[in-house]
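Below are the chains, spelled out letter by letter.
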Amino acid sequence: YRNNQSGNSLILGNPYLEPETLVGGEIGWEWANGGTRFEVNLYRSTIEGLQSRVTVPGQPNTFLNMNLGTSRSQGVEAVADLRLTRRWLLNAGYTFADSVVTDDPSPALVGNWIAEVPRHAASLALRFRGDRGATGEIRARAVSRTFGDASNLAAEPAYRIVDLSFSQTVRPGLDVYTVIENALDESYYLALAVNSFRSGLPRTVTAGIRFDAFGWKAAR
């Protein structure tokens, strides 16, 4: 990890970490009619022994993964698909997450947001499907600010990202594809501590071939 002021940061291993224990549940509702679909899920969970990254006292750029006390996560997830035409589909998603530490040996951590869990996250995608196996998608993602550490001192600003993808079927069972992540090359960062961060993913282009042996065999 790179630090913009103090050189490299260091994350230490911890052989004394205990497994997290999660108890939770969710309830959902789904409605579909033709090319339109809505889905809403409510969830709540409690984690004992939550694992999180904390700063080593006296060493501001050195971190240690350790077990906290108890955390509670609750919120709602919503997804909608809307068929605009035979070839065009609009997809939208939103997640609200109220995730906080509810009990810990250190009273200063109680009530803090769980590290790296944004309160709001949303996406909007427009998808195209052609007649000859061509598909394309443009997806915009927005993530609200969050914190990179259990003490909630390292704030990660909100950011917005646009991704593009395209694939073409060459023959049944064989596709070529291209994915462009962060297509607009937006600059954002993920915090580790107040003066220590790592940059988010820059514009990244991936191309490849997807081979499905069963689909190829069925077409022969």
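Thresholds applied
- Residues numbered from 1 in each chain as written.
- Predicted model: local features only at pLDDT ≥ 70, side-chain atom pairs only at ≥ 80, totals over all residues.
- Heavy atoms only, no water.
- Helix = DSSP H or I, 4+ residues; strand = E, 2+ residues; numbered from the N terminus.
- Buried < 20%, exposed > 50% of the residue type's maximum accessible area, 1.4 Å probe, protein only.
- Contact = heavy atoms within 4.5 Å.
- Areas by Shrake-Rupley, 256 points an atom, 1.4 Å probe, with all protein chains shown as cover.
- Salt bridge = Lys/Arg side-chain N within 4 Å of Asp/Glu carboxyl O.
- Pairing = 2+ DSSP bridges.
- Polar contact = N/O pair within 3.5 Å; in protein donor to acceptor, adjacent residues only side chain to side chain.

Peer 1: Help me understand the overall build of the protein, please; the structure alone is not making it clear to me.
Peer 2: Within the protein, the secondary structure is distributed over one helix and 18 strands. The burial tally for the protein puts 32% of its 220 residues in the buried class. Put simply, of all contacts in the protein between residues at least 6 apart along the chain, 55% involve residues at least 24 apart. Carbon and sulfur atoms make up 57% of the accessible area of the protein, which totals about 13,400 Å².

Peer 1: I tried to follow the pattern of salt bridges on my own but got confused; where do I start?
Peer 2: Pairing is possible between side chains of opposite charge, provided their charged atoms come close. Under the definition given, this model contains eleven salt bridges. For the salt bridge of Arg 86 with Asp 131, the shortest nitrogen-to-oxygen distance reads 2.9 Å. Of this pair, Arg 86 sits in the loop between β8 (70-83) and β9 (88-103) while Asp 131 sits in the loop between β10 (120-129) and β11 (134-143); the two residues are 45 residues apart in sequence, bridging distant segments of the chain. This pair shows no difference in class: Arg 86 is exposed, exactly as Asp 131 is. In this structure, a network of salt bridges that share partners links the residues Glu 30, Arg 37, Glu 39 and Asp 81.

Peer 1: What am I meant to see in the pairing of strand β15 (residues 174-181) here?
Peer 2: Each regular strand carries side chains that alternate between the two faces of the sheet. In this structure, strand β14 (residues 159-171) lies alongside β15, joined through seven bridges in antiparallel fashion. Each bridged residue has a counterpart across the sheet, and for Ser 165 the counterpart in β15 is Val 179. Here β14 folds back onto β15, and the loop between the two strands holds two residues, one of which, Gly 173, carries a positive phi near 90 degrees. The pairing of β15 with strand β18 (residues 204-211) spans eight bridges and is classified as antiparallel. Opposite Val 179, over in β18, you have Thr 206 as the bridge partner.

Peer 1: Honestly, unusual backbone geometry in this entry has me stumped. Any pointers?
Peer 2: Note on backbone geometry: most residues besides glycine have negative phi, and most peptide bonds are trans. In this structure, Asn 152 takes a positive phi of about 60 degrees despite not being glycine. Assignment of secondary structure puts Asn 152 in the loop between β12 (146-147) and β13 (155-156). Among the residues examined, Asn 152 registers a relative accessible area of 15% and is labelled buried. Notably, Asn 182 is not glycine yet its phi reads approximately 50 degrees, a positive angle. Tracing the sequence through the fold places Asn 182 in the loop between β15 and β16 (189-193).

Peer 1: Looking at this model, I keep getting lost on the environment of Leu 50. Mind explaining?
Peer 2: If you trace the backbone, Leu 50 turns up in the loop between β5 (36-48) and β6 (51-56). We classify Leu 50 as buried; its relative accessible area is 7%. Distance in space between the C-alpha atoms of Leu 50 and Pro 19 is 8.3 Å, their sequence separation being 31 residues. Each residue touching Leu 50, except ones within four places of it in the same chain, is listed here: Glu 20, Met 66, Asn 67, Leu 68, Gly 69, Ser 71 and Ile 114.

Peer 1: In this structure, what is going on with the side chain of Arg 139? I would like to understand it.
Peer 2: Considering the arrangement of structural elements, one finds Arg 139 in strand β11. In this structure the side chain of Arg 139 is engaged in a polar contact, spanning 3.2 Å, whose partner is the side chain of Ser 123. When sequence neighbours within four positions are dropped, the list of residues in contact with Arg 139 reads Asn 91, Ser 123, Leu 124, Ala 125, Arg 127, Ile 161, Val 162 and Asp 163.

Peer 1: It is not clear to me how the environment of Ser 165 should be interpreted in this structure. Could you clarify?
Peer 2: Checked against the element boundaries, Ser 165 lands in strand β14. Taking the C-alpha atoms as reference points, Ser 165 and Thr 178, separated by 13 residues in sequence, lie 5.7 Å from one another. Those residues in contact with Ser 165 that sit more than four places away from it in its chain are Thr 135, Gly 136, Glu 137, Thr 178 and Val 179.

Peer 1: Just to check I follow, could you spell out the pairing of β5 for this structure?
Peer 2: Where strand β4 (residues 21-33) meets β5, 13 bridges bridge the pair, whose relative direction is antiparallel. Bridging across to β5, Gly 25 finds its partner in Arg 44. Between the end of β4 and the start of β5, which pair antiparallel, lie two residues, with Gly 34 showing a positive phi angle near 65 degrees. Alignment of β5 against β8, held across 13 bridges, turns out to be antiparallel. Note that in β8 the partner of Ser 45 across the bridge is Ser 73.

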